[in-house]
Amino acid sequence: MFSASGAEYVVFVSKHHEGYTNWPSNHSFNWNSMAVGPKRDIVGELAAAIKTNTSIHFGLYHSLFEWFHPLYLQDKENNFSTQNFVIDKTMPELYELVNTYKPDVIWSDGDWEASSDYWQSKQFLSWLYTDSPVKDTVVTNDRWGSDSTCHHGGFFTCQDRYQPGKLQPRKWENAMTIDKRSWGYRRNAPLSDYLSTQELLATFIETVSFGGNMLMNVGPTKEGTIHPIFEERLRDVGAWLNVNGEAIRSSRPWTSQNDTITPHVWYTMKNSDVYAILLDWPTGSTLSLGAPMTQTGTTVQLLGYSGNFMWKARSGRGIDITIPPISANKIPCKWAWTFKLSGLATMY
């Protein structure tokens, strides 16, 4: 299912804020997935399945703090002048995760109540990048302390559902949920609480145009299954990427992120090609774009559709693309269409 979604990496919650570890941790006695519940090493099984059967990078989420752990509550009561919880519980877990499962991504969370000094984050990251078994491949986020989030890290997440609305100087990620109201599975969620495929792709395309990645959360049921509505969204995104992935994977932001004439048009760039991704199909026979600057030799293609499209240069700057009649069974995808613009004039 994850492969069909087109995902390049998956991040599994190894431990959330309640402290239950989804692996047989030596530092979580009687509160782990081997001792209580499924009696299985869920992290290990998923890591093996991902690494053996797919090309997806395997990542792990880990919460630094725990809501109810007495050692953490004691450290908090001491205004974080003591570090018993860090020394005896949460940091040993992180070292254990890295040494045992060798993840490509470490997605830290639960950091915001204390500084990175309390969490001993710098010591851990120093080991991770210099001496750990994944030192040459691992990627980390920014949630390593109240002084770290959105300031230090491999990539910035800043806050949940982060969408800055402008180009960012650092690599960033929009960690968001398909269920608009929850990170976990809700049996009582009405259909209106789920992002439609159109809404999901709109968020994804905007994120990529600003240079970000998107981490789409699907909350599994207590039985460990992925609900069909989440599966449908994942497979829909994968089907869209099968046609339009050229405009997404290995792309970078262009000089303009969205168009100046036609709304809901987002741009990406790869090599010298520019991609205009339309959230709305043109209502007439002409698509007018204000951002591109054409020159002799410029070509226009619709990804997933054969042939070049006719076009005319607009006065000063921009392009008018002639949209031929296309039958319904020839439209390359159901949502969001990508025009590939090659040979544009260089803009400064």
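A quick note: this is a predicted structure, and the numbers were derived from the prediction, not measured.

Rules used in this analysis
For every chain, the first residue of the written sequence is number 1, and numbering continues from 1 along that sequence. The predicted origin of the model limits local features to residues at a pLDDT of at least 70 and limits the giving and counting of side-chain atom pairs to 80 or more, whereas totals for whole chains, interfaces and linings rest on all residues. With hydrogens and water stripped out, all remaining heavy atoms of the structure feed into the side-chain values. UniProt positions are given in the numbering used here, feature names are shortened, and annotations may be inferred rather than shown by experiment. Strands are runs of DSSP state E lasting at least two residues, helices are runs of H or I lasting at least four, and both sets are numbered from the N terminus onward. As used in this record, nonpolar core signifies buried Ala, Val, Leu, Ile, Met, Phe, Trp, Tyr and Cys residues forming a set joined through side-chain atoms within 4.5 Å. Residue exposure (1.4 Å probe, protein chains only): buried if accessible area is under 20% of the type maximum, exposed if over 50%, otherwise partly exposed. In this analysis, two residues are considered to be in contact whenever any of their non-hydrogen atoms come within 4.5 Å of each other. Note on disulfides: each one is a pair of cysteine sulfur atoms within 2.5 Å. For a helix, the expected span equals 1.5 Å multiplied by the residue count minus one. Strands pair, by our definition, only if DSSP identifies at least two bridges between them. Angles run from 0 to 180 degrees between N-to-C directions of axes, and those axes are lines fitted to C-alpha atoms, restricted for helices to the stretch in contact.

J.: Provide a residue-level description of the UniProt feature "domain: Glycoside hydrolase family 29 N-terminal" (unreviewed entry) in the chain, including the pertinent values.
T.: Per the UniProt record, "domain: Glycoside hydrolase family 29 N-terminal" (unreviewed entry) is annotated on residues 1-246. Taken end to end, residues 1-246 comprises 33% helix and 13% strand; its first and last C-alpha atoms sit 21 Å apart.

J.: Quick rundown of the nonpolar core? Include the residues and the values.
T.: Counting 55 residues, the largest nonpolar core has W240, L289, I321 and F339 as the members making the most contacts within it. Ignoring any residue separated from it by four or fewer positions in sequence, one finds F339 in contact with V274, Y275, A276, L278, L287, V300, Q301, L302, F309, I321 and I323. If you look at the next biggest cluster of nonpolar residues, it comprises 20 residues, including L64, F80, L94 and I106.

J.: Go over the state of the cysteines with me, naming the residues and quoting the values.
T.: One pass over the structure, following the stated rule, counts one disulfide. With a sulfur-sulfur separation of 1.9 Å, C150 is cross-linked through a disulfide to C158. Given an S-S torsion of about 75°, the disulfide between C150 and C158 has right-handed geometry. When its relative accessible area of 14% is taken as the criterion, C158 is described as buried.

J.: Report on unusual backbone geometry, specifying residues and quantitative values.
T.: Most peptide bonds are trans, and most residues other than glycine sit at a negative phi. Although it is not a glycine, F80 sits at a positive phi angle of roughly 60°. Checked against the element boundaries, F80 lands in the loop between α2 (70-77) and α3 (84-101). You will see that A336, though not glycine, has its phi angle at about 60°, which is positive. Considering the arrangement of structural elements, one finds A336 in the loop between β12 (319-322) and β13 (337-342).

J.: Please set out helix α6 (residues 197-209) residue by residue, giving values where relevant.
T.: For α6, which comprises 13 residues, the first-to-last C-alpha distance of 18 Å matches the rise-based estimate of 18 Å (1.5 Å per residue) to within 8%. Every buried residue of α6 is listed here: T197, L200, L201, A202, F204, I205, T207, V208 and S209. Where α6 is buried, its residues contact β5 (172-177), β6 (212-217), α7 (228-244), β7 (265-270) and β8 (273-278). Positioned one or two residues after α6, G211 has a phi angle of 90°, which is positive.

J.: Quick rundown of the pairing of β12? Include the residues and the values.
T.: Here β12 shows a buried face lined by I319 and I321 and an unburied face lined by D320 and T322. As defined by bridge partners, strand β9 (residues 286-289) adjoins β12 across four bridges and the pair is classed as antiparallel. Bridged to S288 within β12 is D320. As paired strands, strand β11 (residues 311-313) and β12 are joined by three bridges and run antiparallel to one another. What sits directly across from K312, in β12, is D320. If you look at the hairpin formed by β11 and β12, you'll find five residues sitting between the two strands, and G316 has a positive phi there, around 85°.

J.: Residue-level account of the UniProt feature "domain: Alpha-L-fucosidase C-terminal" (unreviewed entry) in the chain, with values.
T.: The feature "domain: Alpha-L-fucosidase C-terminal" (unreviewed entry), as given by UniProt, occupies residues 257-341 in the numbering adopted here. In the segment residues 257-341, helix accounts for 0% and strand for 38%; the C-alpha atoms at its two ends are 15 Å apart.

J.: Before we move on, can you summarise the sheet that holds strand β3 (residues 105-109) with the specific residues and values?
T.: Pairing is parallel in the open sheet, where four strands are placed in the order β1-β2-β3-β4. A single partner strand is all that each edge strand has here, and the edge strands are β1 (9-15) and β4 (139-140). Two elements, β3 and β4, share two bridges in a ladder whose sense is parallel. Across the sheet, V105 pairs through a bridge with V139, a residue of β4. Of the strands in this sheet, β1 and β2 (57-63) are in contact with helix α1 (residues 42-53), which crosses β2 at around 155°. Each of β1, β2 and β3 is contacted by α3, which is oriented at about 170° to β2, the strand it contacts most.

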